[in-house]
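Structural overview for review
The chain contents come next:
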Amino acid sequence: MGKKKKSEKPSTAMTDVEWVIMNVVWEHEPCAAGTVQEVLAETHAWAYSTVKTTMDRMVVKGQLTRKSIRNLNLFSSAISPENAKRGELKRLLSRAFDGALTPMLQFIVDEEELSAEEIQQLRKLISRADRKSE
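Residues numbered from 1 in each chain as written. Predicted model: local features only at pLDDT ≥ 70, side-chain atom pairs only at ≥ 80, totals over all residues. Heavy atoms only, no water.

1. Let's talk about the nonpolar core
In terms of nonpolar packing, the biggest core is built from 18 residues, with Met-14, Ile-21, Met-22, Val-25, Val-36, Met-55 and Leu-64 touching the most fellow members. Looking at this core, the elements that each hand over two or more residues are α1 (16–28), α2 (33–40) and α3 (48–60). The element contributing the most residues to this core is α1, with six residues. The contacts of Val-36, once residues within four sequence positions are left out, are Ile-21, Val-24, Val-25, Cys-31, Val-51 and Met-55. (Core = buried A, V, L, I, M, F, W, Y, C linked by side-chain atoms within 4.5 Å. Buried < 20%, exposed > 50% of the residue type's maximum accessible area, 1.4 Å probe, protein only. Helix = DSSP H or I, 4+ residues; strand = E, 2+ residues; numbered from the N terminus. Contact = heavy atoms within 4.5 Å.)

2. Description of the environment of Arg-91
On the secondary structure map, Arg-91 appears in helix α4 (residues 81–97). Its relative accessible area of 24% is what places Arg-91 among the partly exposed residues. In the structure, Arg-91 is positioned 78 residues away from Ala-13 in sequence and 8.3 Å away in space, judged by C-alpha atoms. In contact with Arg-91, other than residues within four places in its own chain, are Thr-12, Ala-13, Met-14 and Ala-84. A distance of 3.1 Å separates polar atoms of two side chains, one belonging to Arg-91 and the other to Glu-88. (Polar contact = N/O pair within 3.5 Å; in protein donor to acceptor, adjacent residues only side chain to side chain.)

3. What to know about the domain arrangement of the chain
Segmenting the chain into domains produces domain 1 (16–77) and domain 2 (100–133). A C-alpha centroid distance of 35 Å is found between domain 1 and domain 2. (Domains from an automatic or database assignment.)

4. Topic: the environment of Val-60
The topology assignment puts Val-60 in helix α3. Separated by 29 residues in sequence, Val-60 and Cys-31 place their C-alpha atoms 17 Å apart.

5. What to know about the pairing of strand β1 (residues 64–69)
If a strand is regular, its side chains alternate between the two faces of the sheet. With six bridges joining them, β1 and strand β2 (residues 72–77) adopt antiparallel strand pairing. Residue pairing in the sheet places Lys-67 in a bridge with Leu-74 of β2. (Pairing = 2+ DSSP bridges.)

6. Some thoughts on α3
In a regular helix each residue adds 1.5 Å, so 13 residues correspond to 18 Å; α3 covers 19 Å between its end C-alpha atoms and thus fits that length. Val-51, Lys-52, Thr-54, Met-55 and Met-58 are the residues of α3 that are buried. An end-on view of α3 places all buried positions within 165 degrees of arc, on one side of the element. Set apart from the buried face of α3 by more than 90 degrees, the exposed residues are Arg-57 and Val-60. Where the residues of α3 are buried, they touch α1, α2, β1 and β2. Residue Gly-62 follows α3 closely and has a positive phi angle near 85 degrees. (Expected span 1.5 Å × (residues − 1). Arc of directions from axis to C-beta.)

7. Quick word on α2
What α2 keeps buried is the set Ala-33, Gly-34, Val-36 and Leu-40. Around the axis of α2, the buried residues are gathered within 160 degrees of arc, so they sit on the same side. On the buried face of α2, the contacting elements are α1, α3 and β2.

This is the structure:
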């Protein structure tokens, strides 16, 4: 009934806490929940049980995989950083900009104080996109 079919894609929709944990997993995979909790100890005062429970839920959502070796559970990412970012961007575009990229870029240019370096980087990206479309 509530089981996920093998052919379903993993969910790239992550909470803020899941993003924090996933960034550690991407950097240290495969890793145990204790490793993640230790890495985050200085920046987040999360108990081991909180980290482990969240990671178990991420397995259910298809974001992480778990491999058990005796009594050790090693977690690995089931989605790449690029796919996670792509999913997050699509959700943002859909919710805030009716799926249109140009209004989002216009908003960023109008609302953010872009440095000269950032403006130059944007020009390079637009130029590269222009060459691709020719």
